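Structural description and commentary
If you want the building blocks of each chain, they are given just below.
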2 protein chains.
Amino acid sequence: MQKIYLLTPGPTPIPPNILLKMAEPIIHHRSPQYEEVFQEVRENLLYLFQTKNEVLVLASSGTGAMEGSVASIFSRGDRVLVVNGGKFGQRWEQICSTYGLEVISLDVTWGEAVDPSLIEKHLKNDGSIRGVFTQATETSTGVVHPIKEIAEIVKNYEQTLMVVDAITGIGVFDVPMDQWNLDVVVTGSQKALMLPPGLAMASVSDKAWQFAKNSDLPKYYFNFSKELASAKKNQNSYTPAVSLIIGLREALRMIKEEGLNNLFARHERLASAARAGVLALGLPLFAKSPSNALTAVKLPQEIDGKKLVKLLRDKYGITIAGGQDHLKGKIIRIAHLGYITDFDLIIALSGLGMALGDMGYSVNLGEGVKAATEVLNGQ
Amino acid sequence: MQKIYLLTPGPTPIPPNILLKMAEPIIHHRSPQYEEVFQEVRENLLYLFQTKNEVLVLASSGTGAMEGSVASIFSRGDRVLVVNGGKFGQRWEQICSTYGLEVISLDVTWGEAVDPSLIEKHLKNDGSIRGVFTQATETSTGVVHPIKEIAEIVKNYEQTLMVVDAITGIGVFDVPMDQWNLDVVVTGSQKALMLPPGLAMASVSDKAWQFAKNSDLPKYYFNFSKELASAKKNQNSYTPAVSLIIGLREALRMIKEEGLNNLFARHERLASAARAGVLALGLPLFAKSPSNALTAVKLPQEIDGKKLVKLLRDKYGITIAGGQDHLKGKIIRIAHLGYITDFDLIIALSGLGMALGDMGYSVNLGEGVKAATEVLNGQ
């Protein structure tokens, strides 16, 4: 007998009430029943994104909304500045390059946040930059980028858009789209929204819609302008992922009931406990500027991260994420966003200590859970 | 108290065992557990598509796989012949045009099937046609196109691919990809596969993969070559719609257990009963060459189809589809694919008679269900 604990940065665990809602008989997407659901979803997404702009909902993983943000808004040959400090920064670059944009890569050491002054320098020296692309959290490194500070710079440039992959961000910490003048904000269902993967969301500012008017890139399924027109009628351009939309309604109700401030405070508290717990185990944090969504942990040289992840999963039933690309085997990533609670974290830290012990690495087993418990208890 | 009956050509009803499987705690997509699921799915998709070619699985609605079929395989300026006999034929045209292909539209009157000899004429007269695009079933009209006959023509042209939107086709009637030399076959989850919308599938022949090598169109999320490489490792290029994949495993098990021949025979029988029932009610069929997936019914002049659909839904709990575009209000479409059984059809025909009566149209109420019952009973 083994209980399963999921602490990965997507998919995250799904609350049972959402699972059961999605298991109800399916409804047709061209019906008043669906339109009522979708209208509520649209309204509550405005709350979640803190925006007056429509939030488009697409049947795809988050990457689809990233692609749509490029293809629907930019044009061939546009020069764009991409913050590249991990796997998802790379993804922005790849998508932009695929569509023939001219990418200036702002390379950031994996594990570090981008320095906003570097962005300012680029924008000052090069009047032709049409977009700044970044992540809210670079999920591959656990770093949170200074979105607010970057956006304060970008908003002074009329011909430049601020495009944020907030797939790991929205619903975790404060990313107020309108207040911060963000032009494109993207998220996905399998993170703070506590849903299975399969939905992507994107919101677009007036400034960015102006760009979209002149966009000359090919797009069909990820055509934001077309999707906006459909949304205004409480419909979707193509058959929506109905069961996930039903789940989204439920998730948004839960989030609204909790309230954004409480939601952010809960994630902050959990993240603080995670960091304290990891440090108390004697392990250093990997991210210089750690996100409240997940805690990336640098492993001692003698520990093979792949083996550790496998051991935690197979022996203890605890699934966390390992490192990606050149960080494979070198870091682990413990997620604490969405439907992951105090005691899930305690379990993860408890299991982590045990597994390291199994691998012959000497840790003070109890210190991790002790430190985390103290933080969780407000001490 | 009202029971709800869904007889639309997507989404179709979902068997309770599949709903419950999808409601189990979610698993991570980079885990041996997921890879085991996905491997079984991949194997059983070969059975369903009757092919040796990998069947790619995408997190999107069927349209995404249509777009990928164009963007991943063709090149800018390619001349293609598109069978356009309804809303989904138009969709092929729109996608091809969006990507800068040169579209020759083979216009077919809505409600009729394409004449293969017209395709042969085009191919003979124009050596530069690189693809023939069609639907297996044109879902907007209920017509089945003669795929086998068209494919027999196309296979003689080395530089021409046969691309089939079998979204309403695979799992309903025989579309043996390899035996018929089909080059691209696309389907979606919310039809014969009895799942919620949100998954698209596409299979690509060796001949078409050769085209893909030279494809110069931009693609990222719907990049078939990249997805093929991932699939070979039992993975997906981007976060898959995990819960739907879990459902897909279950659906494919059910289909395999029933066997394709039984599956096709069941749909054939149900379609025959639907047609007999509708005709016995005194209503003509709309499709000259009706698909076994759905029955499109031409309504009498005096009946407003939109009102009829609404009445059936609100008073009787029966959801069928109306007409699209210029057929709005003029036809209804009763689906009988996937998890729709004999008695679901009987209910639909029974309710249809009652609703027409409510609207003051004189029908012999019982004749529809009588005729259908007789067909279902093998008489």
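Definitions and cut-offs
Residues numbered from 1 in each chain as written. Chains lettered and ligands numbered in written order. Predicted model: local features only at pLDDT ≥ 70, side-chain atom pairs only at ≥ 80, totals over all residues. Helix = DSSP H or I, 4+ residues; strand = E, 2+ residues; numbered from the N terminus. Rg over C-alpha atoms; globule rule 2.2 N^0.38 Å. Buried ≥ 20, exposed ≤ 12 C-beta atoms within 10 Å, placed from the backbone. Contact = placed C-beta atoms within 7 Å. Nonpolar A, V, L, I, M, F, W, Y, C, P; charged D, E, K, R; others polar. Domains from an automatic or database assignment. Pairing = 2+ DSSP bridges. Axes fitted to C-alpha atoms, helices over the stretch in contact; angles between N-to-C directions. Parallel < 35°, antiparallel > 145°, perpendicular 65-115°, else oblique. Left-handed = near helix turned anticlockwise from the far one by under 90°. Least-squares fit on C-alpha atoms with pLDDT ≥ 70 in both. pLDDT = per-residue confidence, 0-100. Arc of directions from axis to C-beta.

Remarks on the overall build of chain A
- Secondary structure summary: chain A contains 13 helices and 14 strands in total.
- A compact globule built from 379 residues should have a C-alpha radius of gyration of about 21 Å, and chain A, at 21 Å, falls within 12% of that.
- For the C-alpha atoms alone, the extent of chain A along its principal axes is close to 60 × 55 × 35 Å.
- With 379 residues in all, chain A has 59% of them scored as buried.
- Pairs at least 24 residues apart make up 72% of the contacts formed inside chain A by residues separated by at least 6 positions.

As for the interface of chain A and chain B
- If you look at the interface, chain A gives 42 residues, while chain B gives 42 residues.
- If you list the elements that add at least two residues to the side of chain A that touches chain B, you get α1 (16-22), α3 (62-71), α4 (87-98) and α9 (242-258) of chain A.
- Among the residues forming the side of chain A that touches chain B, the class breakdown is 24 nonpolar, 16 polar and 2 charged.

A look at the domain arrangement of chain A
All names here are of chain A.
- Taken domain by domain, chain A comprises domain 1 (16-257) and domain 2 (259-376).
- Distance between the C-alpha centres of domain 1 and domain 2: 28 Å.
- Each partner contributes to the interface: domain 1 provides 22 residues, whereas domain 2 provides 21 residues.
- Looking at the side of domain 1 that touches domain 2, its residues break down into 10 nonpolar, 8 polar and 4 charged.

Overview of the pairing of strand β2 (residues 55-59) of chain B
- Within β2(B), 5 of the 5 residues are buried, which leaves the element mostly enclosed by the surrounding structure.
- Residue alternation in β2(B) divides its side chains into two sets, B:Val55, B:Val57 and B:Ala59 and B:Leu56 and B:Leu58, and both sets are buried.

A short note on the sheet that holds strand β8 (residues 161-165) of chain B
Residue and element names in this part refer to chain B.
- The mixed open sheet is built from 7 strands, whose spatial order is β2-β10-β9-β8-β5-β3-β4. What marks the edges here is a single partner per strand, and that holds for β2 and β4 (102-107). Each adjacent strand pair in this sheet contributes to an overall mean axis angle of 20 degrees, direction not counted.
- Set on the sheet, helix α5 (residues 116-125) makes contact with β3 (79-84), β4 and β5 (129-135); between it and β4 the angle comes to about 150 degrees.

Topic: the environment of A:Glu102
All names here are of chain A.
- Looking at where Glu102 falls in the secondary structure, it is placed in strand β4 (residues 102-107).
- Classification of Glu102 by C-beta neighbours within 10 Å gives partly exposed; the count is 14.
- Sequence separation between Glu102 and Arg30 is 72 residues; the distance between their C-alpha atoms is 41 Å.
- For Glu102, the residues in contact, after removing those within four places along its chain, are Gly77, Asp78 and Arg79.

Side note on the packing of helix α12 (residues 342-358) of chain A against helix α13 (residues 365-376) of chain A
Residue and element names in this part refer to chain A.
- Where α12 meets α13, the axes come as close as 8 Å, and the angle between the chain directions of the two elements is 165 degrees. Here α12 is positioned roughly antiparallel relative to α13, judged by the angle of their axes. Crossing of α12 over α13 shows right-handed handedness. In contact with Asp342, Leu345, Ile346, Leu349, Ser350, Leu352, Gly353, Met354 and Gly357 of α12, α13 contributes Leu365, Gly368, Val369, Ala372, Thr373 and Leu376.
- In terms of residue class, the contact of α12 with α13 is built from 9 nonpolar, 5 polar and 1 charged.

Comments concerning the relation of the copies chain A and chain B
- For the pair chain A and chain B, the best superposition has an RMSD of 0.0 Å and corresponds to a rotation of 180 degrees with a translation of 0.0 Å parallel to the axis. The relationship between the two copies is best expressed as a two-fold rotation axis. Looking at the rotation axis and the C-alpha trace of chain A, the residue lying nearest is A:Ser60, at 2.4 Å.
- Taken as a fraction of all interface residues of chain A, those also at the interface in chain B reach 100%, which identifies the copy contact as same-surface.

Considering the pairing of strand β11 (residues 294-298) of chain B
All names here are of chain B.
- With respect to burial, β11 is a largely interior element, 4 of its 5 residues being buried.
- Across 5 bridges, the pairing between β11 and strand β14 (residues 331-335) is antiparallel. When the sheet's bridge partners are listed, Val297 is paired in β14 with Ile332.

Structural notes on unusual backbone geometry
All names here are of chain A.
- Cis geometry marks the peptide bond from Gly10 to Pro11; its omega dihedral reads -5 degrees.
- Here Pro11 lies in the loop between β1 (5-6) and α1.
- We note that Gln50 has phi near 50 degrees; this positive angle belongs to a residue other than glycine.
- For Gln50, the position within the fold is in the loop between α2 (32-49) and β2 (55-58).

Quick notes on the sheet that holds strand β13 (residues 321-322) of chain A
Residues and elements named next belong to chain A.
- The 3 strands are arranged β11-β14-β13 in an open sheet whose pairing can be described as antiparallel. Strands at the two margins of the open sheet, each flanked by one partner only, are β11 (294-298) and β13.
- Lying over the sheet, helix α11 (residues 305-316) contacts β13 and β14 (331-335), oriented at roughly 35 degrees with respect to β14.

Quick word on the confidence of the model for chain A
- Averaged over all residues, the pLDDT of chain A equals 97, while 100% of them reach at least 70.
- For this predicted complex, the interface confidence comes out at an ipTM of 0.97, alongside a pTM of 0.98.

Remarks on the packing of α2(A) against α9(A)
All names here are of chain A.
- For the pair α2 and α9, the least separation of the axes is 9 Å and the interaxial angle reads 45 degrees. Put simply, α2 runs oblique to α9. In this structure, α2 crosses over α9, and the sense of that crossing is left-handed. Packed against α2, whose contacting residues are Tyr34, Val37, Phe38, Glu40, Val41, Asn44, Leu45, Tyr47 and Leu48, the element α9 presents Val242, Ile245, Ile246, Leu248, Arg249, Leu252, Ile255 and Lys256 at the interface.
- For the contact of α2 with α9, the residue count by class is 13 nonpolar, 1 polar and 3 charged.

Quick notes on helix α6 (residues 147-154) of chain A
Residues and elements named next belong to chain A.
- All buried positions along α6 are accounted for by Ile147, Ile150, Ala151 and Val154. End-on, the buried residues of α6 take up no more than an arc of 100 degrees, which puts them together on one face.
- Looking at the buried positions of α6, the neighbouring elements they touch are α5 (116-125), β5 (129-135) and β8 (161-165).

Here we look at helix α13 (residues 365-376) of chain B
Residue and element names in this part refer to chain B.
- If you check which residues of α13 are buried, you get Gly368, Val369, Ala371, Ala372, Val375 and Leu376. Angular distribution of buried residues about the axis of α13 spans 160 degrees; they occupy a single face of the element.
- Looking at the residues trailing α13, positive phi occurs at Gly378, about 80 degrees.

Here we look at the environment of A:Ser128
Residues and elements named next belong to chain A.
- If you trace the backbone, Ser128 turns up in the loop between α5 and β5.
- Taking the number of C-beta atoms within 10 Å as the measure of exposure, Ser128 has 11 and is therefore exposed.
- Between the C-alpha atom of Ser128 and that of Asp78, which follows or precedes it by 50 residues, the distance is 8.0 Å.

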